[in-house]
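Breakdown of the fold
Here are the chains, one letter per residue:
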Amino acid sequence: MLLDIVDDNPGDRLLTFVERARTSGVDWNALHVPCSGLPHALRQANVQTTAKAALGGYPYALYFFQDGDIVILWNGPQGVALDAMLQGLTGHFGAQVRSFAICYNLRADSSGFRKLCERKIAAQSSNQITTFRAAAQDRKRRQQPQILIVEDQAFSSRLLLTMLERNYKTSLATDAEAALAIYLKMAPDIVLLDIELPGINGDEFVGMLTKLDPDAYVVMVSANAWLENVTRSKKNGAKGFIAKPYSKQKILDSVHMFVRTRMPMAGALHG
Amino acid sequence: MDKSLDLNNFHEMTDGDSELEQALFAEFITSCNSGIETLRQCLAARDSEKWTRTVHALKGISLNLGAIRLGELLKTAQTAGGSEKSLGAIISEFDLVRNYLKSMGTAQAGSEGVR
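Quantities reported herein were computed from a predicted structural model and do not represent experimental measurements.

1. Considering the packing of helix α9 (residues 202-212) of chain A against helix α10 (residues 227-236) of chain A
Residues and elements named next belong to chain A. Across the interface, α9 lies against α10 with an axial gap of 8 Å and an inter-helix angle of 20°. Put simply, α9 runs roughly parallel to α10. For the crossing formed where α9 meets α10, the hand is right-handed. Across from Asp203, Val206 and Gly207 in α9, the residues of α10 making contact are Arg232, Ser233 and Asn236.

2. Focus on the domain arrangement of chain A
Residues and elements named next belong to chain A. What the domain assignment reports for chain A is domain 1 (4-127) and domain 2 (130-269). Distance between the C-alpha centres of domain 1 and domain 2: 33 Å. Elements represented by at least two residues in the side of domain 1 that touches domain 2 include exactly α1 (14-23) and α5 (111-127). Per element, the largest residue contribution to the side of domain 1 that touches domain 2 is 4 residues, and it comes from α1.

3. Let's talk about the interface of chain B and chain A
At the junction of the two partners, chain B supplies 20 residues and chain A supplies 17 residues. Breaking the side of chain B that touches chain A down by element, the ones donating at least two residues are α1 (8-14), α2 (18-45) and α3 (48-65) of chain B. It is α3(B) that contributes the most residues to the side of chain B that touches chain A, 10 residues altogether.

4. What about unusual backbone geometry?
Here the amide bond leading from A:Lys244 into A:Pro245 is cis, since omega sits at 5°, within 30 degrees of zero. A positive phi angle, close to 55°, is found at B:Asp15, a residue other than glycine. Within the secondary structure, B:Asp15 is located in the loop between α1 and α2. A count of 12 C-beta atoms within 10 Å places B:Asp15 in the exposed class. Look at B:Arg46: it is not a glycine, yet its phi comes out positive at around 50°. Among the structural elements, B:Arg46 can be located in the loop between α2 and α3.

5. A word on the pairing of strand β7 (residues 169-173) of chain A
All names here are of chain A. Here 5 bridges tie strand β6 (residues 146-150) to β7, and the two strands are oriented parallel to one another. Of the residues in β7, the one forming a bridge with Gln146 is Lys169. Following the backbone out of β6, through helix α7 (residues 154-164) and into the adjacent parallel β7, one traces a crossover that is right-handed.

6. Some remarks on the sheet that holds strand β8 (residues 190-194) of chain A
Residue and element names in this part refer to chain A. An order of β7-β6-β8-β9-β10 is seen for the 5 strands of this open sheet, with the pairing classed as parallel. Because the sheet does not close on itself, it has two edges, and the strands there are β7 and β10 (240-243). Strand-to-strand, the axes of this sheet are offset by a mean angle of 20°, without reference to chain direction. α9 contacts β8 and β9 (218-222) of the sheet and is inclined by roughly 155° relative to β8. Each of β6, β8, β9 and β10 touches helix α11 (residues 248-262); the most contacted strand, β10, lies at about 170° to it.

Cut-offs and rules
Residues numbered from 1 in each chain as written. Chains lettered and ligands numbered in written order. Predicted model: local features only at pLDDT ≥ 70, side-chain atom pairs only at ≥ 80, totals over all residues. Axes fitted to C-alpha atoms, helices over the stretch in contact; angles between N-to-C directions. Helix = DSSP H or I, 4+ residues; strand = E, 2+ residues; numbered from the N terminus. Parallel < 35°, antiparallel > 145°, perpendicular 65-115°, else oblique. Left-handed = near helix turned anticlockwise from the far one by under 90°. Contact = placed C-beta atoms within 7 Å. Domains from an automatic or database assignment. Buried ≥ 20, exposed ≤ 12 C-beta atoms within 10 Å, placed from the backbone. Pairing = 2+ DSSP bridges. Right-handed = clockwise from strand over helix to strand, strands pointing away.

Shown next as structure tokens:
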């Protein structure tokens, strides 16, 4: 888990949640309070107490980042709730809170908040780089590829798992944030990545992965196999593109292609 | 049902595991029911972005199952945008596919009973 979700009313990861909030037609607001510039860290217990008092009547969620920043999300009007929230935080952390806090309405303008979330998630990922480097070293010694499936549709993910998990160690993530956490921990050899995902989509995610790991081997999977999509995926660093409907042969071929090009010794051993 | 459903590729992907296939049929029907409800809401709210996303998701699972005609209808609905006519055609075709899948389940349960 990249983010510490303390009160998870939305029950989802931050970027995924932001995208759903944006398209839900319901007014969600987000208050970002950076910890830098404040005299002392924003203590979780105090923030929780303040949020409960100020936003108790609305669904809300709190996200605590590792650098100390917090994001408070609530589904309700901005004015009174925001004032109550800022007043409560000022009581705990001083008047500076008001100078640093930024409030976003996710329906009216989610792009600024989304960029902030992406920066936060990238920064937190960089903290996990050491773990990833060790896993990437281990990857070189593997005799069989490990596969990560990133697919939000239960029908399609189960189908892919069925075809692959008999012969390969296979993991599943239903969105890019969960996939990133698995990637950093396990350094899978192959990622089968759906393009249309909630939150960060597959196109954005393949770009993130190839920047993080130049050896990333990502194969896009999509029912929109238009030339434009295939070209964009390649430009973003994908090594292949499988169109839906796929066949068992196509899926296994993509794994065999990896073995031939990246694991020549294993390829020889396995014929 | 010839043109509506071709399960050959699907059977190959599942290795003919009938228990798994039944679970996937159920998953398909649940996803389509929920997706069609979302499409209804999209039309009412004139939400074209959500319509396109939902249609795309349904298209992917329909094509992978082998629901060819449904997949084609969804492909058209993705490019042409939302309309009552388009949704009506999707629902009719889905009903056909669903009934066929359910009848397959009944047939399998019946044959197991005979055994």
